[in-house]
Amino acid sequence: MSDEHAQRAAGGGRGAPAGWAPRAGEGPGRGGNSGRPGEPGRPRRPGGDGGDGNGAPGGNGNGRPRRTGWRRLLPTWRMVVGAVLFVVLLIAAGLIAGYMLVQIPAANQAAVAESNVYLYADGSQLARDGEVNRESVPLSKVPRDVQHAVLAAEDRDFYSESAVNPEAMLRAAWNTVTGKGKQSGSTITQQYVKNYYLGQEQTISRKVKEFFIAIKLDREESKDDILEGYLNTSYFGRNAYGIQAASQAYYGKDSDKLNTAEGAYLATLLNAPSLYDVGAHPENQARATARWNYVLDGMVKKKWLTQAERSAMKFPAPGKARARLGMSGQRGYLVEAVKDYLTSNKIVDEQTLARGGYRITTTVEKKKQDAFVSAVQKQLMDELSDDRAVDRYVRAGGASIDPRTGRVVALYGGIDYTKQFVNNATRRDFQVGSTFKPFVFTSAVANDASTQDGRTITPFTIYDGTNKRPVQGPNGPVGYAPANEDDISYGPITVTKATDLSVNAVYAQMAQDVGPAKVKDTAVALGIPENTPDLNANPSIALGVANASVLDMTQAYATLANHGRHGAFTLVDKVTKGAEVVPLPSQDVKQAVTRTAADTTTSILESVVDNGTGRGAQAAGRPAAGKTGTAEDDKAAWFAGYTPDLATVVAVMGQDSETGEHKSLYGAAGQARINGGGFPADIWAAYTAAALSGTSVKDFDLELQSGARMPTMEPTIPAPPTTSAPPSIPAPPTPPTPSFPPLPPTGPPTGFPTRPPTGPPSIPGLPTFIPNEPKGGGGLDGGLLGDY
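Quick summary incoming for the structure in this document. In this convention, every chain numbers its residues from 1, walking through the sequence in written order. The model is predicted, so local features are restricted to residues of pLDDT at least 70 and side-chain atom pairs to those at 80 or more, both for listing and for counting; the totals for chains, interfaces and linings are taken over all residues. Hydrogens are left out, water is left out, and the side-chain values use all remaining heavy atoms of the structure.

**Let's talk about a nonpolar patch on the surface**
Argument step 1. Only residues whose relative accessible area exceeds 30% and that take part in no salt bridge are eligible for patches, with like-charged residues grouped when within 9 Å of each other and nonpolar side chains (Val, Leu, Ile, Met, Phe, Trp, Tyr) grouped when within 5 Å. Computed with the Shrake-Rupley method and a 1.4 Å probe, the accessible areas treat only the protein chains shown as cover for residues. Here a salt bridge means any side-chain nitrogen of Lys or Arg lying within 4 Å of a carboxyl oxygen belonging to Asp or Glu. Taken together, the side chains of Trp 77, Val 81 and Leu 85 make up a nonpolar region of the molecular surface, amounting to roughly 340 Å² of accessible area.
Argument step 2. Segments assigned H or I by DSSP are reported as helices when at least four residues long, segments assigned E as strands when at least two residues long, and all are numbered from the N terminus. Within the fold, Val 81 resides in helix α2 (residues 77-101).
Argument step 3. What makes Val 81 partly exposed here is its relative accessible area of 40%. Note on classification: 1.4 Å probe, protein chains only; a residue is buried when its accessible area is under 20% of the maximum for its type, exposed when over 50%, partly exposed between these limits.

**Section: the sheet that holds strand β2 (residues 125-129)**
To summarise the sheet geometry, strands pair through backbone hydrogen bonds and adopt either a parallel or an antiparallel arrangement.
Argument step 1. At least two bridges found by DSSP between two strands is the condition for calling them paired. In spatial order, the strands read β2-β1-β5-β13-β14; together these five strands make up an open sheet with mixed pairing. Each edge of the sheet is formed by a strand with only one pairing partner; in this case those strands are β2 and β14 (580-581).
Argument step 2. Bridging between strand β13 (residues 572-577) and β14 involves two bridges; their strand directions are antiparallel. From the neighbouring strand, Thr 576 faces β14, where its bridge partner is Val 581.
Argument step 3. Where helix α14 (residues 331-344) meets the sheet, it contacts β1 (116-119), β2, β5 (359-362) and β13, and its direction lies at approximately 75 degrees from that of β2. We call two residues in contact when some of their heavy atoms are within 4.5 Å. Lines fitted to the C-alpha atoms define the axes, with helices restricted to the stretch that makes contact. Angles between their N-to-C directions range from 0 to 180 degrees.

**Some words on helix α21 (residues 550-561)**
Because the α-helix completes a turn every 3.6 residues, residues three or four places apart line up on one side.
Argument step 1. Here the expected length of a helix is defined as 1.5 Å per residue gap, with one fewer gap than residues. Given a rise of 1.5 Å per residue, twelve residues ought to cover 16 Å, and the 16 Å separating the end C-alpha atoms of α21 matches this to within 8%.
Argument step 2. What α21 keeps buried is the set Val 550, Leu 551, Asp 552, Met 553, Thr 554, Gln 555, Ala 556, Tyr 557, Ala 558, Thr 559, Leu 560 and Ala 561.
Argument step 3. Positioned one or two residues after α21, His 563 has a phi angle of 60 degrees, which is positive.

**Quick look at the sheet that holds strand β17 (residues 636-642)**
Argument step 1. In spatial order, the strands read β7-β6-β18-β17-β16; together these five strands make up an open sheet with antiparallel pairing. In the strand order of this sheet, the two ends are held by β7 (408-412) and β16 (625-630), each with one partner. Looking at each pair of strands side by side, their axes are set apart by 5 degrees on average, direction ignored.
Argument step 2. Bridge count for strand β6 (residues 394-401) against β7 is four bridges, and the pairing is antiparallel. Bridging across to β7, Gly 398 finds its partner in Tyr 412.
Argument step 3. In the packing of helix α16 (residues 366-379) onto the sheet, the strands contacted are β6, β7 and β18 (647-654), and the crossing angle to β7 comes to about 30 degrees.

**Observations regarding the side chain of Thr 628**
Argument step 1. Following the sequence through the fold, Thr 628 ends up in strand β16.
Argument step 2. Relative accessible area serves as the criterion here: at 0%, Thr 628 is assigned to the buried category.

**Considerations on the pattern of salt bridges**
It is possible for side chains bearing opposite charge to pair when their charged atoms get close.
Argument step 1. According to the stated counting rule, one finds 26 salt bridges in the structure shown.
Argument step 2. Between Lys 302 and Asp 157 there is a salt bridge, with the nearest N and O atoms lying 3.1 Å from each other. You can see Lys 302 sitting in the loop between α12 (285-301) and α13 (307-311) and its partner Asp 157 sitting in the loop between α4 (144-154) and α5 (166-177), a full 145 residues away along the chain.
Argument step 3. Note on Lys 302: relative accessible area 32%, which makes it partly exposed.
Argument step 4. Put simply, Asp 464 and Arg 469 hold a salt bridge, and the shortest N to O gap is 3.4 Å. Summarising the burial analysis for this pair, Asp 464 and Arg 469 share the class buried.
Argument step 5. One connected set of salt bridges, linked through shared partners, spans Arg 595, Asp 599, Asp 701 and Glu 703.

**Section: the packing of helix α9 (residues 243-251) against helix α10 (residues 260-269)**
Argument step 1. Where α9 meets α10, the axes come as close as 11 Å, and the angle between the chain directions of the two elements is 110 degrees. By the criterion of interaxial angle, the relationship of α9 to α10 is roughly perpendicular. Of α10, the residues touching α9 (which contributes Ile 243, Ala 246, Ser 247, Tyr 250 and Tyr 251) are Glu 262, Tyr 265, Leu 266 and Leu 269.
Argument step 2. Classification convention: Asp, Glu, Lys, Arg as charged; Ala, Val, Leu, Ile, Met, Phe, Trp, Tyr, Cys, Pro as nonpolar; all other residues, Gly among them, as polar. Class assignment for the residues of the contact of α9 with α10 results in seven nonpolar, one polar and one charged. Should an angle lie under 35 degrees it is considered roughly parallel, over 145 roughly antiparallel, and from 65 to 115 roughly perpendicular; all remaining angles are considered oblique.

**Concerning the nonpolar core**
What tends to happen in soluble globular proteins is that the nonpolar side chains get buried as a cluster.
Argument step 1. Ranked by size, the top nonpolar core spans 94 residues in total, and within it Ile 360, Phe 436, Phe 439, Tyr 507, Met 510, Met 553 and Tyr 642 carry the most contacts.
Argument step 2. With eight residues, α21 is the single largest residue contributor to this core.
Argument step 3. Ignoring any residue separated from it by four or fewer positions in sequence, one finds Met 553 in contact with Val 432, Thr 435, Phe 436, Phe 439, Ile 528, Ala 548, Trp 638 and Val 649.
Argument step 4. To qualify as a nonpolar core, a set must consist of buried Ala, Val, Leu, Ile, Met, Phe, Trp, Tyr and Cys residues joined through side-chain atoms within 4.5 Å. Counting residues in each nonpolar core, the second largest holds 46 residues, with Ala 261, Leu 266, Val 278 and Met 299 among its members.

Here's what the structure looks like:
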């Protein structure tokens, strides 16, 4: 072995170059190898088992340990910082490029000049809408308080904030993605850009352009100029673009004459005109008032208005709307109903639709629409006289739906859109009366409900029809005792006969037996909107205190006609804009209630037409099922019915055209009373006969619940007792027999009071008078039915 080899071996395999000498304190054991005997060796570098720290296993070349396992998948802090810087630079470059490339375009004047075309189902033209109503005014013509009201409603920090609000935009985007509703998150500057320069399309490219144009506009124009442009381009409803047109449309005055309260109401409309126009939709009063209060409270918060001034203000009811040319007759009602359908179903938003350019094919069939108009004219309007003051209050509304498809085939809104602006087919401010009672029975069958003493509720279950009988709960009276019409006590009576005669005492008790909450759920499942005014879960729900619209009720009755299968009604077949076809919501048809429940209800409603208050519907010459109804104080009368092919509801209403106040119809058309079995049933029959002329007559195909088959003879109803004391009731026959049950025992059965009540107990929140069927003289069943 050479001297060199011997030296390397002695040093642990690492030789020293020639001329090398150790530094003080160092020895030949450096490098992690053992020193010579008696000399300490230098410790090894971490991470090396025999590695040399220069790329050998266990090192990373700089003395740090090499990461192993899952740690190798994590980015280093240098990588994270580099990525963040790259993204920031990329965003900055994008913003700069966008700002440089996006130019402020010319105003979109062409867009506002287009019209919308509305077509009947057969393609013939129904109406053309879209004449632009706009008159621009300088900001000096808008009172400062009105300007502040608009800012309080839409953008309270307008003068101090930038043109865009990224935080609000992100919040709006998050709310939209998470299903909390579409929100714009836009400043007034962005809204002005959208209104004046761009359009209402909900696209990413439009939002990007809006973002950059708003920034540029904010640098090139003053805040006052932007606010002036916004006030002159915003849509306020009633075909009014801009504050001047809106001031004329709602208050009949120029914008510089507006007071603070009126300005706050116009500012309220900017959020969604159709939701806050209390003239076209009286049921919007509560919603509009709440939004108006929000605007005024915002003005106080920003110190634009003192609390004393705000407290002294009263809601400024707007004037009646003036119909546009070409909207006379039924056209205006149909166009407004279609617009409401498109916007409420989020097919097209209100401002985009108002800009025009759409071709809309409706489901309305011209033959049926003309038949409805003719029926109302001949059966009701021709009977009115200028010599009777009450006849000036008479209004009519109607709707008709094909139950198999949910298509609205006809809609009657009123005598003339240019004379009566409010659509009587879609308004929700009149009680539906006893037309609601079938939903109670449907709910009873659907939920297998039973009476307080355990008897299954069927068409032939016997109830106590005593006038003002206290409604019984599991623990006794619940504190509600509704009166029957004319305070008649019917005694023991079957559900079918109680439906024929519309006995309130029976149906209030039935609602309690089923459960008021279940009754409400059934009504909603059938098609009554859950937010219907006064649709409350208590026993009075059975008597129709809810304020559903004629169209709402038609949808619910169409579900019964369709054997319990429900799909939301549709008013539109097709919507196009140029070559673009606008997508429509799909018809999600589902079994809302069991077929047995729906069909058994149909069976008792057939009896109403054959034997009860709805006999006027027999003139249609078709198998029919239906129910009459009367609102409190005879302010409205209803007939809701259907054949196997068509569901139709008609209402006659009383309203002062000048004040908007609901009016009783006593003496109208020379009749002592207007009731559901009179003019509404007559209109229904005349329309149905004409609408179905030329089609084959069909019978109902019913699947009834057990115990619902009609016996050979309906029990005879005794003459009403002279006292209001509740009679005792025997145990009901099972199944029902043709003869009336045996005479009652001396004492009353469990669940009925032992003494007659001295009067109906009062309940907070329940009306003291519940709408009943009308009064009248002789007629069916020995005078019990009256003149329905």
